[in-house]
Each structure stands twice: as C-alpha cells, then as structure tokens.
Amino acid sequence: MLVVTQILRSQAQDCKPVSDIHDFVRVWNDAVIGPGSRSHACTLHLLTPDARITGVVMGKDGKSTRVVESPEEFVGWYRKHPTETFWERTLHSTVETYENVARVTRTYEVRDSETSPVKAIGIEDFQLIFDGTEWKAFAMLWQDASPGKPLPERYLHDPK
Amino acid sequence: MKRFLLLLVFAALVGAPSLFAQASPSAVPAVCPPTTTLDELIKAIDAGVSGPAGKDRACMRELLLPEARLSPIAKAADGSFEPHILTIDGWIEGVKKRGDAVLYEHQVKVSSDVYGHVAHLWSTYELRLNKPDGEPVRGINSIQAVYDGKRWRILDILWQAETPDLPVPAKYLP
C-alpha cells in the first residue's frame, strides 16, 4: 500500500493545486469524478499525508458507527470498484478561513453520471490547512442524508 | 458518499478501516458539564480547558472521542505550515508545562453547521493566563464534532493562534 501511495503521490504533479480555498470543492469533485479505475493521485494530493476521513453511518436500529479511513484507505475503496463510475456535484457550501486554517462544509450529490438518478446526498465537512503554497484537507467528516432525516432546505442550494 | 455498506463489509473482512461503533452511547459523568447540545459543548470546552494548568482533566477527556486529535498549526523550519497533532495525553502534558498558570478560555464567537450526527463549529477563542480580565491571546478553533446518540463529542480541533501581523478578521469577533 505504501508503494502504491508513493507512486500515486509522485503522479500528482499534473493535479491542480488549490491556492484559493473557494476552489476546493470544485477541484475535489474533479478528482473524484470518473471511473473507479482512474488514477487517484489528485485525490491524494488534496489530502495531507496524515489526513483522516471519518464517515458516520447510521444502522437500521438508529445507532451510529464511525468509519475512519486514512487517505490510502479512502482511495482504495474507489480502486476496488474499477468498473463503476462516480459523479458528484456540490449543492451548497460554506467556507470560513483565517490565514492557514479553513473549513469547507458542503452538501454533496452522488450519481453514476451527470444524467443518472441521484444515488446519495449528504454533508461533507473539511478541515483544511494552507501549507504556504496550497490548501489541503486535514480531516473530512461526512454523513449521508437518510430518507427519515432529510437535509434542511438551507443546505440544498447556495444563496442566489 | 454511499460507500458505507461496502465499507462495513470490507472492514469486517480485513479489519480496516477502523470502526468505532456507538452501540452504547456514553453517558457524561455527573460531575462534568452536559453536552447534549452544541451550545453546551462550547461551554464544556471552555470549562475543560480553563483552570489551573495541572488540574484534573477527566471532563476534558470526556469531551473527546477516543480517536480525537488536537492540532495547532505551526510554522515549520522551512517556512511552511503544518499541523502539530496531539492526543489528549499530549495536550495535557503540554498544558502542564505552564506550571502554576491558570487558564481562562472563552469561545467568543461561534458559527456552526450541523446535520444529523455531524457538526462543525468555527469558533474564535480568547485565552487569558492567570487573570480572567487580562489581555487575551486569540485565535480560531475549527472543531469537528459527532453526536454519539446521547451527547456531542469532539473528533478534531484544528486551531491557529492570532499573531500581531495577522489579526483575526472583524467578522469573527463579537
């Protein structure tokens, strides 16, 4: 896994750096969109080496489980689905920044393609660090919306 | 992200990624402030941080999930910025080095986003040493919190202290 990660990070020179925090979710989507078999170098490039991705998953009994992944585990999931395609867009985002720290909280929408039915929506919350050159995510916390608890209206659209 | 079912199966088979089940949400000890709401969580953070540097930190520990990280952003020797990642034990040891100092921390302006069991609190803090009305140092706390079924707990705090040449913007001040 470490060797694969090193190779992927070495391929990251073609990835667009995020110098403006307001570009982050667009660049993130660009990195995630595509077939599972694509290179994941750009996704890894957007994460610090010690980044952590935590999903809160609700069981049918209403109890929650936290699923904690490293960057390598996060992209490894896509790699295990090479024939699937992924398409995401951002319905709403909130950005706060102070010098080298920022947070981006966004509502994601997942489809197989731009014209496919919606498969999932939910919230992703990114903590980011500006290392002096570019913004990278240090932590990402997400939860899918569930039919019994829809997202509030204010999270479904950006203000006009 | 719709990846959770496969993630759970995958984790069950190979032992990764890490899972933290919350089948038995933890009750807050009677002596510690409740954190059933995010407002209470903010007050509990202030209470957990504030006090003599060497005080008992049982309630601060209770605020944190087992895998929680407390990470100030620091400038590296090469001029870049990076997180200095601490566990609660590392944070407590760091605070103890302040000796006999008494800390007074207040979150003075907080904005939040919350859905379900996840929340973000973007908070301006003021920290005073030894005098509750002394001149504060300030900074920004970026806080990720998770609701475990009974109470809110901290997953990550990433913060940056204010410097004289980089004042906290007015929009983040009371």
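Starting from 1, residues in each chain are numbered consecutively following that chain's sequence as written. Written order determines the labels here, with chains lettered from A and ligands numbered from 1. Selection of residues for local features in this predicted model requires a pLDDT of at least 70, selection of side-chain atom pairs for listing and counting requires 80 or more, and totals for whole chains, interfaces and linings are taken over all residues.

1. Details of the overall build of chain B
Which entries qualify depends on this criterion: Each helix is a run of H or I in the DSSP string that is no shorter than four residues. Each strand is a run of E no shorter than two, and both are numbered from the N terminus. Burial in this document is a count-based property: other C-beta atoms within 10 Å of a residue's C-beta are tallied, and the residue is buried at 20 or more, exposed at 12 or fewer, or partly exposed in between, with C-beta positions derived from the backbone. What counts as a contact is two residues whose backbone-derived C-beta atoms lie within 7 Å of each other.
Per the secondary structure count, chain B includes 4 helices and 8 strands. Burial analysis of chain B (174 residues in total) assigns 32% to the buried set. Nonlocal contacts in chain B, meaning residues at least 24 apart in sequence, comprise 53% of its contacts between residues at least 6 apart.

2. Observations concerning the overall build of chain A
Our working definition: Atoms counted for the radius of gyration: C-alpha only. Globule rule: 2.2 Å times the number of residues to the power 0.38.
When helices and strands are counted, chain A shows 4 helices and 7 strands. The order of α-helices and β-strands along chain A, N terminus first, is α-α-β-α-β-β-α-β-β-β-β. On C-alpha atoms alone, chain A measures out to a radius of gyration of 16 Å, which is about the 15 Å that the 2.2 N^0.38 rule sets for 160 residues. For the C-alpha atoms alone, the extent of chain A along its principal axes is close to 45 × 40 × 35 Å. In chain A, of all internal contacts separated by at least 6 residues, the share reaching a separation of at least 24 is 57%.

3. Brief notes about the interface of chain B and chain A
Heads up, the rule is: Residues are grouped as follows: nonpolar covers Ala, Val, Leu, Ile, Met, Phe, Trp, Tyr, Cys and Pro; charged covers Asp, Glu, Lys and Arg; every other residue, Gly included, is treated as polar.
Between chain B and chain A, the residue contacts involve 44 residues of the former and 42 residues of the latter. Every element with two or more residues in the side of chain B that touches chain A is listed here: helix 1 (4–14), strand 1 (18–21), strand 3 (64–75), strand 4 (81–83), strand 5 (102–115), strand 6 (118–129), strand 7 (137–147) and strand 8 (152–161) of chain B. No other element matches strand 8 of chain B, which puts 5 residues into the side of chain B that touches chain A. The residue inventory of the side of chain B that touches chain A, partitioned by class, reads 26 nonpolar, 12 polar and 6 charged.

4. Considering the sheet that holds strand 8 of chain B
Residue and element names in this part refer to chain B. Stated precisely, the cut-off is as follows: Strands are treated as partners if at least two bridges between them are detected by DSSP. Angles shown run from 0 to 180 degrees and are taken between the N-to-C directions of axes, each axis being a line fitted to C-alpha atoms and, for helices, limited to the stretch in contact.
Here 7 strands make up an open sheet; going across it, the order is 2-5-6-7-8-3-4 and the pairing mixed. Each having just a single partner strand, strand 2 (51–52) and strand 4 make up the two edges of the open sheet. Looking at chain direction, strand 7 and strand 8 are connected through 9 bridges and run antiparallel. Bridge assignment links Gln144 to a residue of strand 8, and that residue is Asp156. Running over the sheet, helix 2 (residues 38–49) touches strand 5, strand 6, strand 7 and strand 8 and is turned about 160 degrees from strand 5.

5. Remarks on the pairing of strand 4 (residues 85–98) of chain A
Residues and elements named next belong to chain A. Bridge count for strand 1 (residues 34–35) against strand 4 is 2 bridges, and the pairing is antiparallel. Residue pairing for strand 4: Gly34 is matched across the bridge by Phe86. Examined bridge by bridge, strand 4 and strand 5 (residues 101–111) share 11 bridges and lie antiparallel to one another. Residue pairing for strand 5: Val95 is matched across the bridge by Val104. Counted along the chain from strand 4 to the antiparallel partner strand 5, the turn is 2 residues long, and its residue Glu99 has a positive phi close to 50 degrees.

6. Remarks on the confidence of the model for chain B
All names here are of chain B. In plain terms, the rule: The predictor attaches a confidence to each residue, called pLDDT, with possible values from 0 through 100.
Mean pLDDT over chain B: 90, with 84% of residues reaching 70 or higher. With pLDDT under 50 throughout, residues 9–15 is counted as low confidence; its partners more than four residues away or in other chains account for 3 contacts. Two numbers describe this predicted complex: its pTM, 0.91, and its ipTM, 0.91.

7. Focus: the nonpolar core
The condition that has to hold: By definition, a nonpolar core groups buried Ala, Val, Leu, Ile, Met, Phe, Trp, Tyr and Cys residues that are joined through C-beta atoms within 7 Å.
Ranked by size, the top nonpolar core spans 65 residues in total, and within it Phe24, Leu46, Leu128 and Ala137 of chain A together with Ala145 and Ile154 of chain B carry the most contacts. The biggest single contributor to this core is strand 7 (residues 135–144) of chain A, with 7 residues.

8. Topic: helix 4 (residues 71–79) of chain A
Residue and element names in this part refer to chain A. Going by this rule: The arc in question is the one spanned by the directions pointing from the helix axis to the C-beta atoms.
All of the buried residues along helix 4 are Pro71, Phe74 and Val75. Along the axis of helix 4, the buried positions cluster into a sector of 85 degrees, meaning they face one direction only. Residues of helix 4 that are buried in the fold lie against helix 3 (41–45), strand 2 (47–58) and strand 3 (64–69).

9. Examining the confidence of the model for chain A
Residues at a pLDDT of 70 or more form 91% of chain A, whose mean pLDDT is 91. Across chain A, element-level confidence peaks in strand 7 of chain A with a mean pLDDT of 98 and bottoms out in helix 1 (residues 2–10) of chain A with 57.

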